[in-house]
Every structure is written in structure tokens, then in C-alpha cells.
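Inside the fold
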Amino acid sequence: MSGGLRVWQDMEKERETLQAWKERVGQELDRVMAFWMDHSHDQEHGGFFTCLGRDGRVYDDLKYVWLQGRQVWMYCHLYRKFERFRRPELLDSAKAGGEFLLRSARVAPPGKKCAFVLTRDGRPVKVQRTIFSECFYTMAMNELWRVTGEAHYQIEAVEMMDQIVHWVREDPSGLGRPQLPGAPASEPMAVPMMLLNLVEQLGESDEELAGNYAELGDWCAQRILQHVQRDGQAVLENVSEDGEELPGCLGRHQNPGHALEAGWFLLRHAIRKGDPELRAHVVDKFLLLPFRSGWDPDHGGLFYFQDADGLCPTQLEWAMKLWWPHCEAMIAFLMGYSDSGDPALLQLFYQVAEYTFRQFRDPEYGEWFGYLNREGKVVLTIKGGPFKGCFHVPRCLAMCEEMLGALLSRLPPVRAPRAGSPPAAPAPRGTE
């Protein structure tokens, strides 16, 4: 076989594989969204039911603010980005969810602190002393503004963003968390991660806000990078406020899925800044390192938690396989490949995606199971609850569909070479 023919066959195989995965994730996105649109809408009070059984039946009507915000964001994002989701019923449901949040999310207006749990009709049940309900409230309001053009949503998003930044960087007392003398001054990676995600969200196609938040984005990135510890050999979930390893189980705690999610947040930030050194560092430390340590060599899938010293983690669910780390890994590896062209990253995407579609997907009722045991057997048949809603799965599928489409568009048109003539070479990345 001539070298030219072999190159042509390899390019055709790559095109066919990328196209097959694009169609597969696109069809799955449609099935997943049909599940939520059929079963989760509260037509009486607005907002969404997220406690759904395998077949979509509601088993609890409590509403979790962070999941309400996530679903509003997801509906609006799909409406804005995908022609086939530009449907009135999707936008109407998103607006109803947004108005439910405006009416009910904040515990004591005009204060900004949001509830964690609400009754079906919007009365507060529980508050968490964190920023995460407020973060997803902000994402929902900003995305609603993008699809409706209604200014009050954007005003709400920016005001809440300012409050979150104040809590994180200046005065956390408004969160209601007491400062106990024995508690270590620690920083979980989730806080700068979420802030960096908000910087990207609010700054998208908005030069003024992007400029306003530029310093904050750099600060978030540096805080996340501090979680690379032990001479670059471990990503730790918690570090001290000055970026040092903490003692005990708290300091040794690792969450491979979170590291991978932080990885694509950082990679997106580095790409926007045009920083090749940071891009390479992120791939090495936040994609490859947590995957190598976190992938189960016996049964496949990512462990939920690990101990950096190899000790037994104290969390009962440490060896389980959860849906969202695999979603984040799919995004991270496909984004890494899209940016670098490193075929090893594409192969890791295929490895994770094959496991994920095989183990989590429910071909009978739609959507994905969320909780498997170490061997990959379904432990909980629910499709939604206090922590799983209409977010990680459709966000993963939507982002992967877009990235796969972009990769296909970068491949040159290929015709079978005539004898003795090589095929056209693909365009170098970054020149498209």
C-alpha cells in the first residue's frame, strides 16, 4: 500500500469516527432533553421538579435552587446555540423557571443570600453556607438576558455576581458560616472554579464586563493552580489559604472529576488569553494526572474520591462511579484535543465516552443513571434528585456536539488519491 493511500485511509477513518460520535451525542442530547421536558415542568408554580424516578415520575416536589438555576441556564443555552432547540416551549419554560427564582430564591429580600431548598410553591426550607445556589442563580439570569434581551435579568445577574465576589474576596460573614477557632483556614477548589466559570459566562461577547472581570479571572486561575501539590504530582481538593497542603484527611482528599472539570475551565481561560504555556500545564496536571490516578484499572470508570497517600478514603461512596465526573472528562479531553491536536487526548475521549454511554445511559426510559457501584452496576435508579438535574449530562452532550462539529469542519475535503499523488494535508490548527 502506498504512503499516500494509507494517509487518505487514516483521514477517512478519523472523519468517520468523529462523524459517528457527533451523531451519537446529538441523538442522545435530544433524548435527554425530551426526558426533562416531558417530566420536570411544574405548570402550576413555575420552575422544575428534579426528584424524578427512572421513568420520570416525581417522587418529591422539593425544589433545589442550584438545580433550578442550572435548568434555566441549560434551556436558554440550548435555545441560543442550537437551531433545533429554538422552540417557544423551551424558552417559555426557562422564563417560568427564572421568574420562580426571582420570586422565591432569596431568603430575605433585598438580601442576596439564596435558599438551598424550597417547597414546591417557593417557601425556603434550607440554607447552605456556601455560594453555589447564588452562582447558578447568576448563570440563569445572565443566560435569560442573552435570549430575551430583558435588562432586569442582567441587572440581577451582575448584582448577584458582585455579592458573590464580596463574600469570597472581602467578607464571608454574610454566608452565615461561623469562624471556629479549631477549623483550618482552607480553600476548596470549587470556589475559584465557580468564580472562573462565572467570569467566562458573564464576559462572553461582552467586552466591558470581560474587562471588568479580567483581574478576577486571573486571580481565580492562580487560586486553582495552587491545588497542584507534591511537586506537581497531585491535585488536592483542599489547600490552605496561602496555597499549602493541609494535614489529615482534608488535605489528602482528591476528587478526580473535579480536577478534570477545573481542567477544562482553566483550558478555556488559557485559550482565551492566548497562553500556550498555561495550556500545556493544564493538560498535564488537570487532565492527564487526575485521569491516570483516578481511572479504575480493574473495572473502568473514574473513582469518585481518592486519598493522595493511597489510604482508604473515609467517604462511603469513594469507589462509586458517578455520572458527572465522566461528563467532565469527556468535555476536558475533547477540548484538549481540539486545542492541541494530540491524538492521545482524542483516544482518552473515546475511552471515557464508550464507558459512559455503555454504563450510565438508560435506553429504556431515557436520560442517564447517576450512581453506579465500583463494578459499574446501577445502585440508584433515580434520574434526578438533590444533586442531579438537567445540567451535567446535557451540557456535556451539547459541548461535545459543538466541538465534534468544529473538528469535522477543520478536516479538508478528501478524495481518494490517484496513483502516485498524496492527499491534501489538513490545515494546521490555529489557521482555520
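The structure we're discussing is the one just above.
First, a word on scope: everything that follows refers to the structure included in this document. (Residues numbered from 1 in each chain as written. Predicted model: local features only at pLDDT ≥ 70, side-chain atom pairs only at ≥ 80, totals over all residues. Heavy atoms only, no water.)

1. Quick word on the overall build of the chain
Convention followed: The helix and strand labels rest on DSSP assignments: H or I over at least four residues marks a helix, E over at least two residues marks a strand, and numbering proceeds from the N terminus. The size measure is the radius of gyration over C-alpha atoms, and the globule rule it meets is 2.2 Å times the number of residues to the 0.38 power. Relative accessibility under 20% of the residue-type maximum defines a buried residue, over 50% an exposed one, and the middle range a partly exposed one, all with a 1.4 Å probe and only protein chains included. Areas reported here follow the Shrake-Rupley algorithm with a probe of radius 1.4 Å; residue values treat only the protein chains shown as occluding.
A tally of regular secondary structure across the chain gives 14 helices and 14 strands. Relative to a compact globule of 432 residues, whose C-alpha radius of gyration would be 22 Å, the chain shows 22 Å and is just as compact. Projected onto the principal axes, the alpha-carbon positions of the chain cover approximately 75 × 50 × 50 Å. Burial statistics for the chain: of 432 residues in total, 55% are counted as buried. If you sum the accessible surface of the chain, you get close to 18700 Å²; carbon and sulfur atoms cover 52% of it.

2. A closer look at the side chain of histidine 258
Operational definition: What makes two residues a contact is simply this: any of their non-hydrogen atoms within 4.5 Å.
Inspection of the secondary structure assignment puts histidine 258 in helix 10 (residues 256-273). Residue classification places histidine 258 among the buried positions, given a relative accessible area of 14%. Apart from residues lying up to four places away in sequence, histidine 258 is in contact with Met189, Ala190, Met193, Glu237 and Trp324.

3. Details of the packing of helix 10 against helix 11 (residues 276-294)
Under the convention used in this document: Simply put, an axis is a line fit to the C-alpha atoms, just over the touching stretch for a helix, and the angle between two N-to-C directions goes from 0 to 180 degrees. When an angle is under 35 degrees it counts as roughly parallel; over 145 it counts as roughly antiparallel; between 65 and 115 it counts as roughly perpendicular; any other value is oblique. Each crossing is labelled by how the near helix is turned from the far one, with a counterclockwise turn of less than a right angle marking it left-handed and a clockwise turn marking it right-handed.
The geometry of helix 10 relative to helix 11 is characterised by a closest axis approach of 9 Å and an angle of 165 degrees between their N-to-C directions. Here helix 10 is positioned roughly antiparallel relative to helix 11, judged by the angle of their axes. In the crossing of helix 10 with helix 11, the sense of the turn from one axis to the other is left-handed. Together, Pro256, Ala259, Leu260, Ala262, Gly263, Trp264, Leu266, Leu267, His269, Ala270 and Ile271 of helix 10 and Leu278, Arg279, Val282, Phe286, Leu287, Pro290 and Gly294 of helix 11 make up the contact between the two elements.

4. Quick word on the sheet that holds strand 3 (residues 63-64)
What counts is decided by this rule: Two strands make a pair as long as DSSP finds a minimum of two bridges between them.
Read from one edge of the open sheet, 3 strands run 3-4-5, paired in antiparallel fashion. Since the sheet does not close on itself, it has two edges, and those belong to strand 3 and strand 5 (124-126), each with one partner.

5. So, the environment of alanine 185
Inspection of the secondary structure puts alanine 185 in the loop between helix 5 (151-169) and strand 6 (186-188). What makes alanine 185 partly exposed here is its relative accessible area of 46%. Measuring from C-alpha to C-alpha, the distance between alanine 185 and aspartate 38 comes to 45 Å, with 147 residues separating the pair along the chain. Apart from the residues within four sequence positions on either side, alanine 185 is in contact with Val239, Ser240 and Glu241.

6. Some thoughts on the packing of aromatic side chains
As a reminder of what qualifies: Pairing of aromatic rings covers Phe, Tyr and the six-membered ring of Trp, with a centre-to-centre limit of 6.5 Å; geometry is then stacked below 30 degrees between planes, edge-to-face above 60, and tilted otherwise.
A complete count under the given rule lists 22 aromatic pairs for this structure. Ring centres of tryptophan 21 and phenylalanine 349 lie 5.9 Å apart, and the angle between their planes is 70 degrees; this geometry places the pair in the edge-to-face category. With a gap of 328 residues between them, tryptophan 21 in helix 1 (residues 3-39) and phenylalanine 349 in helix 13 (residues 343-359) connect regions that are remote in the sequence. Across the pair, exposure class does not vary: tryptophan 21 and phenylalanine 349 are buried alike.

7. Quick look at the pattern of salt bridges
Quick note on the threshold: Note on definitions: salt bridges are taken to be side-chain nitrogens of Lys or Arg within 4 Å of carboxyl oxygens of Asp or Glu.
Counting across every chain of the model gives 38 salt bridges. Here glutamate 150 makes a salt bridge to lysine 95, at a shortest N to O gap of 3.4 Å. Here glutamate 150, found in the loop between helix 4 (132-148) and helix 5, pairs with lysine 95, found in helix 3 (residues 88-104); they are 55 residues apart in sequence, far enough to count as distant. For glutamate 367, the salt bridge identified is with lysine 388, shortest N-O distance 2.7 Å. Here lysine 388 lies in the loop between strand 14 (378-380) and helix 14 (392-410) and glutamate 367 lies in the loop between helix 13 and strand 13 (371-372), a separation of 21 residues in the sequence. Accessibility assignment for this pair places glutamate 367 and lysine 388 in one class, buried. Each of Asp42, Glu44, Lys63 and Arg120 takes part in salt bridges that share partners, so that together they form one network.

8. Some details on the sheet that holds strand 14
Taken in spatial order, the 3 strands line up as 12-13-14 in an open sheet, and their pairing is antiparallel. Pairing within the sheet leaves two strands with one partner each, and these edge strands are strand 12 (321-322) and strand 14. In this structure, strand 12 lies alongside strand 13, joined through 2 bridges in antiparallel fashion. Its bridge partner lying in strand 13, lysine 321 is registered against leucine 372.

9. Looking at the nonpolar core
Burial of nonpolar side chains together is a common tendency in soluble globular proteins. Put simply, the test is: Here, the term nonpolar core denotes a set of buried Ala, Val, Leu, Ile, Met, Phe, Trp, Tyr and Cys residues that are joined through side-chain atoms within 4.5 Å.
If you look at the biggest cluster of nonpolar residues, it comprises 133 residues, and the most contacted ones within it are Tyr75, Leu78, Met161, Phe286, Phe333 and Phe349. With 11 residues, the single largest contributor to this core is helix 12 (residues 323-340).

10. Remarks on the environment of proline 325
Position of proline 325 relative to the elements: it lies in helix 12. Classification of proline 325 as buried rests on a relative accessible area of 0%. Taking the C-alpha atoms as reference points, proline 325 and glycine 217, 108 residues apart in sequence, are found 23 Å from one another.

11. Side note on the layout of surface pockets
Gaps left between atoms are located by rolling a probe of water-molecule size over the structure's atoms. To be explicit about the condition: Cavity: a set of points on a 1 Å grid over the protein atoms alone where a 1.4 Å probe fits but cannot get out. Pocket: an open set with protein on both sides within 12 Å along at least five of seven lines, its lining residues, like those of a cavity, having an atom within 4 Å of a point. Grid points are joined across faces, edges and corners, and a volume is the space filled by probe spheres set on the points. Side-chain classes are defined by residue name, with Ala, Val, Leu, Ile, Met, Phe, Trp, Tyr, Cys and Pro counting as nonpolar, Asp, Glu, Lys and Arg as charged, and the others, Gly among them, as polar.
Reported here for the largest pocket is a volume of approximately 1600 Å³. As for the largest pocket, its lining consists of 49 residues, of which Thr130, Phe132, Pro188, Ala190 and Val191 are closest to the centre. Here the residues of the lining of the largest pocket sort into 29 nonpolar, 10 polar and 10 charged. Of the volumes computed, that of the second largest pocket is approximately 790 Å³. Along the wall of the second largest pocket there are 31 residues; nearest its centre are Glu200, Trp264, Arg268, Met335 and Met399. Put simply, the parts of the chain that give the lining of the second largest pocket at least two residues each are helix 2 (65-81), helix 4, helix 6 (190-203), helix 10, helix 12 and helix 14.

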